[in-house]
Amino acid sequence: RGFEGSFVKKSHRAKDGCAVFWKTSKLTNTAIEYVTLHAENVHVAMMLRMKVSARRSVIIVNTHLKAGLDQSYEDFRVEQLKCLLEKVKDFQQDSEDVILCGDLNSHVETYDNIKPIVY
């Protein structure tokens, strides 16, 4: 009670996706954008603009990147993340903070190829 949420399902036969839920007494959703990460891909993300106060909003991003253990999958996840960060940059207004959540399926310690683009 007192919560709202949004869900985006992966395409094709996948049964899972991404969801974000928020307490309506604390946050108000003012915009949602659903993103497919690469054209021929089932993997998705969602970006929500949440109003925290009359003067402040924040972007909440949730994603589920491709699974897999070998290096080619790590490289693919880096590309997915780059794509997502570009879309976040386009969605972001002024100096909104960004909270990135998700199942990144990472099996490495850092993403050295990703450069911060928001801060």
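Everything quoted here is computed from the prediction, not taken from an experiment. (Residues numbered from 1 in each chain as written. Predicted model: local features only at pLDDT ≥ 70, side-chain atom pairs only at ≥ 80, totals over all residues. Heavy atoms only, no water.)

Trainee: Is there a simple way to think about the sheet that holds strand 3 (residues 28-36) in this case?
Mentor: What holds strands together in a sheet is hydrogen bonding between their backbones, with the strands either parallel or antiparallel. Ordered in space as 3-4-5-6, the four strands form an open sheet in which the pairing is mixed. The open sheet has two edge strands, strand 3 and strand 6 (97-103), and neither has a second partner. Going across the sheet, the axis of each strand differs from the next one's by a mean of 15°, ignoring polarity. When strand 5 (residues 57-64) meets strand 6, the two strands line up parallel, connected through seven bridges. When the sheet's bridge partners are listed, Val58 is paired in strand 6 with Asp97. (Pairing = 2+ DSSP bridges. Helix = DSSP H or I, 4+ residues; strand = E, 2+ residues; numbered from the N terminus. Axes fitted to C-alpha atoms, helices over the stretch in contact; angles between N-to-C directions.)

Trainee: Looking at this structure, how should I read the packing of aromatic side chains?
Mentor: A full pass over the atoms with the stated rule returns zero aromatic pairs. Taking the ring centre of Phe91 as reference, the NZ or CZ of Arg49 above it sits at 4.4 Å. (Phe/Tyr/Trp six-rings, centres within 6.5 Å; stacked < 30°, edge-to-face > 60°. Lys NZ or Arg CZ within 6 Å of the ring centre and 35° of its normal.)

Trainee: I would appreciate a short explanation of the pattern of salt bridges in the present structure.
Mentor: Oppositely charged side chains can pair when the atoms bearing their charge come close. Enumeration over the complete set of coordinates arrives at three salt bridges. When the shortest N-O distance is used, the salt bridge between Arg49 and Glu96 registers 2.8 Å. A residue pair is termed long-range when its members are at least 10 positions apart, and Arg49 in strand 4 (residues 44-51) and Glu96 in the loop between helix 1 (71-91) and strand 6 qualify at 47 residues. Residue classification places Arg49 among the buried positions, given a relative accessible area of 8%. Classification of Glu96 as buried rests on a relative accessible area of 6%. For Glu79, the salt bridge is made with Lys82, and the minimal N-O distance between the two is 3.6 Å. Here Glu79 pairs with Lys82, and both are found in helix 1, just three residues apart, close to one helical turn. (Salt bridge = Lys/Arg side-chain N within 4 Å of Asp/Glu carboxyl O. Buried < 20%, exposed > 50% of the residue type's maximum accessible area, 1.4 Å probe, protein only.)

Trainee: Would you mind going over the side chain of Asn62 with me for this structure?
Mentor: With respect to the secondary-structure elements, Asn62 resides in strand 5. A polar contact of 2.7 Å, which involves the side chain of Asn62, links it to the backbone oxygen of Ala19. Not counting residues within four places of it along the chain, the set of residues in contact with Asn62 comprises Cys18, Ala19, Val20, Ala45, Met46, Cys101 and Gly102. (Polar contact = N/O pair within 3.5 Å; in protein donor to acceptor, adjacent residues only side chain to side chain. Contact = heavy atoms within 4.5 Å.)

Trainee: Mind showing me how you'd approach the nonpolar core here?
Mentor: Buried together is how nonpolar side chains tend to be arranged in soluble globular proteins. Among the nonpolar cores identified, the biggest contains 13 residues, and Leu37, Met47, Val61, Leu84 and Val88 are the most heavily contacted of them. Elements with a contribution of two residues or more to this core: strand 4, strand 5 and helix 1. In terms of residue count, helix 1 provides more of this core than any other element does, five residues in total. Excluding residues that lie within four positions of it along the chain, Leu84 makes contacts with Leu37, Ala45, Val61, Thr63 and Leu100. In this structure, Val8, Val20, Val58 and Ile60 belong to the second largest nonpolar core, which totals ten residues. (Core = buried A, V, L, I, M, F, W, Y, C linked by side-chain atoms within 4.5 Å.)

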